[in-house]
Amino acid sequence: MIIGGGRDDLTSDKLFEFIESVWGLFRSLTGEGVRHTLLKAKEYLPQLELFEVPTGTKCWDWEIPKEWVFRSAQVIRVSDGAVVLDASVNNLHVINYSQPVNLILTLDELQNHLISHPSIPDAIPYRTSYYNTSWGFCISENQRKTLQPGLYSVTIDSEFIDGAMTFGQVYIPGRVTSEILFTTYICHPMMANNELSGPAIALGLAGHLLKSQNYYSYRILFVPETIGSLYFLSKNLQYLKSKLVAGYVLTCLGDDQSWNYMPSRTGITLSDKVAKRTLEELGIEYIENSFSDRGSDERQYCSPNVNLPVCSVMRSKYGSYKEYHTSKDDLTYISREGLHKSLKYFKHLISNFENYKIPIASLFGEPMLSKRNLRNSVGGGDLTVDEKHISDLLAYADGTNDTVELARILNISIEKIESLTNFLLSHNLVRLV
Amino acid sequence: MIIGGGRDDLTSDKLFEFIESVWGLFRSLTGEGVRHTLLKAKEYLPQLELFEVPTGTKCWDWEIPKEWVFRSAQVIRVSDGAVVLDASVNNLHVINYSQPVNLILTLDELQNHLISHPSIPDAIPYRTSYYNTSWGFCISENQRKTLQPGLYSVTIDSEFIDGAMTFGQVYIPGRVTSEILFTTYICHPMMANNELSGPAIALGLAGHLLKSQNYYSYRILFVPETIGSLYFLSKNLQYLKSKLVAGYVLTCLGDDQSWNYMPSRTGITLSDKVAKRTLEELGIEYIENSFSDRGSDERQYCSPNVNLPVCSVMRSKYGSYKEYHTSKDDLTYISREGLHKSLKYFKHLISNFENYKIPIASLFGEPMLSKRNLRNSVGGGDLTVDEKHISDLLAYADGTNDTVELARILNISIEKIESLTNFLLSHNLVRLV
Amino acid sequence: MIIGGGRDDLTSDKLFEFIESVWGLFRSLTGEGVRHTLLKAKEYLPQLELFEVPTGTKCWDWEIPKEWVFRSAQVIRVSDGAVVLDASVNNLHVINYSQPVNLILTLDELQNHLISHPSIPDAIPYRTSYYNTSWGFCISENQRKTLQPGLYSVTIDSEFIDGAMTFGQVYIPGRVTSEILFTTYICHPMMANNELSGPAIALGLAGHLLKSQNYYSYRILFVPETIGSLYFLSKNLQYLKSKLVAGYVLTCLGDDQSWNYMPSRTGITLSDKVAKRTLEELGIEYIENSFSDRGSDERQYCSPNVNLPVCSVMRSKYGSYKEYHTSKDDLTYISREGLHKSLKYFKHLISNFENYKIPIASLFGEPMLSKRNLRNSVGGGDLTVDEKHISDLLAYADGTNDTVELARILNISIEKIESLTNFLLSHNLVRLV
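Residues numbered from 1 in each chain as written. Chains lettered and ligands numbered in written order. Predicted model: local features only at pLDDT ≥ 70, side-chain atom pairs only at ≥ 80, totals over all residues.

**What to know about the relation of the copies chain C and chain A**
Superposition of the two copies of the chain requires a rotation about an axis and a shift along the axis.
Next up, step 1: Note on the identical chains: chain C maps onto chain A by a rotation of 120 degrees and an axial translation of 0.1 Å, with an RMSD of 0.1 Å. Classification of the inter-copy transformation places it as that of a three-fold axis. Taking the C-alpha atom as reference, chain C places Ile 268 of chain C closest to the rotation axis, 13 Å from it. (Least-squares fit on C-alpha atoms with pLDDT ≥ 70 in both.)

**A few points about the packing of helix α10 (residues 385–396) of chain C against helix α11 (residues 403–410) of chain C**
Geometry of a packed helix pair, given as the angle between the helix axes and the separation of the axes.
Residue and element names in this part refer to chain C.
Next up, step 1: It is at 11 Å that the axes of α10 and α11 come closest, and there the two elements cross at 130 degrees. Between α10 and α11, the angle is such that the two are oblique. Of the two elements, α10 crosses α11, and the hand of that crossing is right-handed. Of α11, the residues touching α10 (which contributes His 389, Asp 392, Leu 393 and Tyr 396) are Leu 406, Ile 409 and Leu 410.
Next up, step 2: Counted by class, the contact of α10 with α11 contains five nonpolar, one polar and one charged residues. (Axes fitted to C-alpha atoms, helices over the stretch in contact; angles between N-to-C directions. Helix = DSSP H or I, 4+ residues; strand = E, 2+ residues; numbered from the N terminus. Parallel < 35°, antiparallel > 145°, perpendicular 65-115°, else oblique. Left-handed = near helix turned anticlockwise from the far one by under 90°. Contact = placed C-beta atoms within 7 Å. Nonpolar A, V, L, I, M, F, W, Y, C, P; charged D, E, K, R; others polar.)

**Focus on the interface of chain C and chain A**
Next up, step 1: Taken together, the contact between chain C and chain A spans 24 residues of the former and 18 residues of the latter.
Next up, step 2: Counting residues per element, the side of chain C that touches chain A draws most heavily on helix α6 (residues 227–243) of chain C, at four residues.
Next up, step 3: Residues belonging to the side of chain C that touches chain A are distributed by class as follows: eleven nonpolar, nine polar and four charged.

**What to know about the domain arrangement of chain A**
The accessible area lost on association of the parts is a frequent measure of interface size.
Residues and elements named next belong to chain A.
Next up, step 1: In terms of domain boundaries, chain A breaks down into domain 1 (12–65 + 164–354), domain 2 (68–161) and domain 3 (359–432).
Next up, step 2: The centre of domain 1, based on its C-alpha atoms, is set 31 Å off from the matching centre of domain 2.
Next up, step 3: Contact residues are listed per partner, giving 14 residues for domain 1 and 15 residues for domain 2.
Next up, step 4: Among the residues forming the side of domain 1 that touches domain 2, the class breakdown is six nonpolar, six polar and two charged. (Domains from an automatic or database assignment.)

**Re unusual backbone geometry**
Next up, step 1: At Asn 428 of chain B, a residue that is not glycine, the phi angle is positive and equals roughly 55 degrees.
Next up, step 2: Inspection of the secondary structure puts Asn 428 of chain B in the loop between α12 (414–426) and β18 (430–432).
Next up, step 3: Phi angles above zero are rare outside glycine, and Tyr 97 of chain C is one such case at about 70 degrees.
Next up, step 4: Structurally, the position occupied by Tyr 97 of chain C is in the loop between β5 (83–86) and β6 (101–106).
Next up, step 5: For Tyr 97 of chain C, a count of 25 C-beta atoms within 10 Å corresponds to the buried category. (Buried ≥ 20, exposed ≤ 12 C-beta atoms within 10 Å, placed from the backbone.)

**Section: the sheet that holds strand β9 (residues 151–161) of chain C**
Residue and element names in this part refer to chain C.
Next up, step 1: Spatially, the four strands line up as an open sheet ordered β5-β4-β9-β6, and their pairing is antiparallel. For this open sheet the edge positions go to β5 and β6, each flanked by a neighbour on one side alone. Across this sheet, the average inter-strand angle for adjacent strands is 15 degrees, counted without regard to direction.
Next up, step 2: Where β6 lies against β9, six bridges are found, and the strand directions are antiparallel. (Pairing = 2+ DSSP bridges.)

Structure (structure tokens):
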């Protein structure tokens, strides 16, 4: 891939536009909804490559399921032909991966195939049935209460075919093949924070990274959750074990309410360390979750034998806001401001990785700074701020402290530590471990 | 030994009956009191084996002392022949291991051989003189104050012979020879919490363990404190170093007031970890003592070069209740309820050891649970409690977490972790480290 | 060196007398002021050896500068011949290492060469210009305000010659060549706490150490700060790496206000551990500083590649009291009482090193103490305090606990631990690691 053609004009406005443009597509684990979502993304990011993995391909304990072809789904009241539910109005109405049906049912029989959410009565829940042979409809509790006894005609026009699972990737080579991963998912239908915010931020970061030559290589993945990550890991685990410096799941990044950090299983990887330091540098207060409350692809990346350094930083966290996995997680739940701040956070995190170094003092004792014109104060008085920083960096650069640790000790930014390190490198006063 | 014939009818009622039956025996380091106590115990536990170690046998820095033959001890007022003190009334009256004497003394001379306890004026203290050539009487402070000047006839009819130290053992082989030790002492005369509660609980646990085939082997020791443990350790240290998984000193388990945990010297052995987790599982509040306040056979087991994983869990701890080492530590100080709870605690601890495992996930990534009918929830909704437990156990089973740690992380019982582990073993989703 | 001739009569009175005797000497990095200070010190400590290191000698990144010969410095008002500033009145008036000048200047021109301290208007600041070619005068802010426009005659009669840097050392061989270092500096002119208190305490400790045969060897250094330490380290680093047990910078030890501890870079060396335990033993409350606020020769000793175990314990710490580096840090700022307590602290610290041991129990199990007459209590009662200490020391002497740690565990002094250890050594109950 030729570097260049990156876009820092993928601002939050532009990303919100992308979200709106794919809002109505019926995404699922597989199928046309995913393909069209990725093709639309490619309009914003021509470097995005699409891949198709055939049905039946093994991914460790799993295999790629049949592709779900969805055409339409309706519930019609027989008495007067009124359309009670129609997936073309809101694609959450049909349980994802429903079998085809064409039946006349009594209300009692229909109720067994309806799912509603009593505690949020005006929301349509989101449900899936990927690996069970099943069908059903999701309906708001309010509407459900209005259903009258009688007969209902139920039609789901769907098909399961030997097709493929589609995913997208941008790989941006850096000066080294050691890589940093951002992974997001594209398998949920009409939901905003817990779906489209992730791909939007991924687009924004890819555009940003493509602008310039980076030190690390970066990989941005757009996969169906779980099965997509399992496929990717099962094909690349040995490579990732040797190359992956850090990884982040991009999810729930669209609203502007809280910040959440979800650690890796151990909580002590470089991913965790840089994620937390970046939050601190930006003065962001955040909730430190337990890995027990994990819920996205860190489940695969941090699984015992996979054991990669992957964590996540989110805004309102999946499972912890009431609109989650309902029709209320819509375009009004997220905001351009929320996307903007999330993008800013990850750009800063990338900058902190690009600035990552472990300097070690190259001389014995303190260097004589005045002969290099690095110490101009009259002796006996206070050091300038820069003189103090140089002195401290040289004092703590013992090979055990990386830029993240040095930033903590000197209480300045990682960027400042990196620029001081470069300055001292140019004077041969430190070398890199 | 053939397993079977164990008794779970050794309830606290039955154990209290045992305590009453040996209450009046005059136990000491050696001698008939110890033998008859163990023979009585054998009536409750036929599998108990008795051993005799000859006087003079070396035990590292120590040797088995001469056997003390005690017949009677009295102080009689010469003026009227009144019996002032008589060991047959309370065997605490004579200092344990007293030399034989037959003297007429003035009150002043007698006072040099009397010990009382001014701060508990109605209690007879308990004292010993195992390794000093000495004699004396213990008396309540109240009675001491009533002694009038005059002559007193003092007789102790005792003898030191080349005999033996007696101890008892039940060894219950398990499926592995790795073993768990319970050790208690049988060398104190008429005292209840700090003497007979320990052997009673040891009987109860042995009866319980003999009922079934266990995974670990168990050893239950009834020894004179200090010299008995030193003998046992000096003969078996290399074996124990390779086989001992955990050990507990059973002492002070009869009252129902507080709970005390006495750590091993390091406080971080598996004995400590399981003891504390078991207390937590049972919702028991306990006092965490310092090893500086140790006082029983952990002194030998945790000594620097022996260094075995032995700690203890007690009720009112030796040295910390005012009745300790006096005639007030009697049958009214302990209770069936206290014995019952202590027994229950150690049965639970044994169960936690039997359930001890270190599972490690056998697959890469999360397993596909639905194809095994282990995940029935409709996707997108909440997991059931069991589904969440299975998911969490698989996520944390990385080979560094044992059942105790997993129970802490998942905040459920060790027993539940073990049953989940077995369930996952049966599906080949974990294996054991 | 023959041991003996040490002086415990170097009391704080005597040390204060020494300070007064060298108060007016014009010390600098090099030159006659340093030489005469050390020669005066030698009157109190005949064992002090003086060394001269020629100008131009390399010390890693540095080299010994030319020797500064200072004769006089004056500012005279031309209009009436009034002497405005005269270094013979207070040698802080001239910037240390000033170039020779002989000029007539306007007040505006003169101002560029004056340094004052607006926030302490009655104090003359202390400034140096060791490695810049410069000259100037220090003046109180109050006096500066009184200067009238007009011409001023400025004369500094100084010279830079190929001479030497002078330093002093007392090396006191012990029974082992492993050594403990005390280092102080002798390069500041007329200042008391942040200059002469250090050499005074160094004299006191050397006199004390010379009185008797010690276990460790001791080295007491009197060097110009920074360049002196760098010279010493550059010549002896490999030796020190193998021999230095602990080291302390002696500085700011004359006043009696606060106590400050400045850790080594890691804060976990034996120097740190003993320094802190000694403070605790003496019941001293102290400020625990960060290595970020370092300021004396720990900068060299703890630099990354040198990495020696050196820290410091001070009274009012350099940089943290307002009189620091001004003419107000004078003989009234320090006191005999302050010197006395500092001396006492370091004598106690030395004693703690001399008592440093790692005992390990030599037997298996608890030893039988009664046969050695080390356990006289009647059994069953409380142990005496000594019996308890012996028991505890034997219980914790597992080879991982040194005297410092044992003192913390038993909550008694290191001295007491050492005497108990010696006692147990004499009974072959412990040996040393």
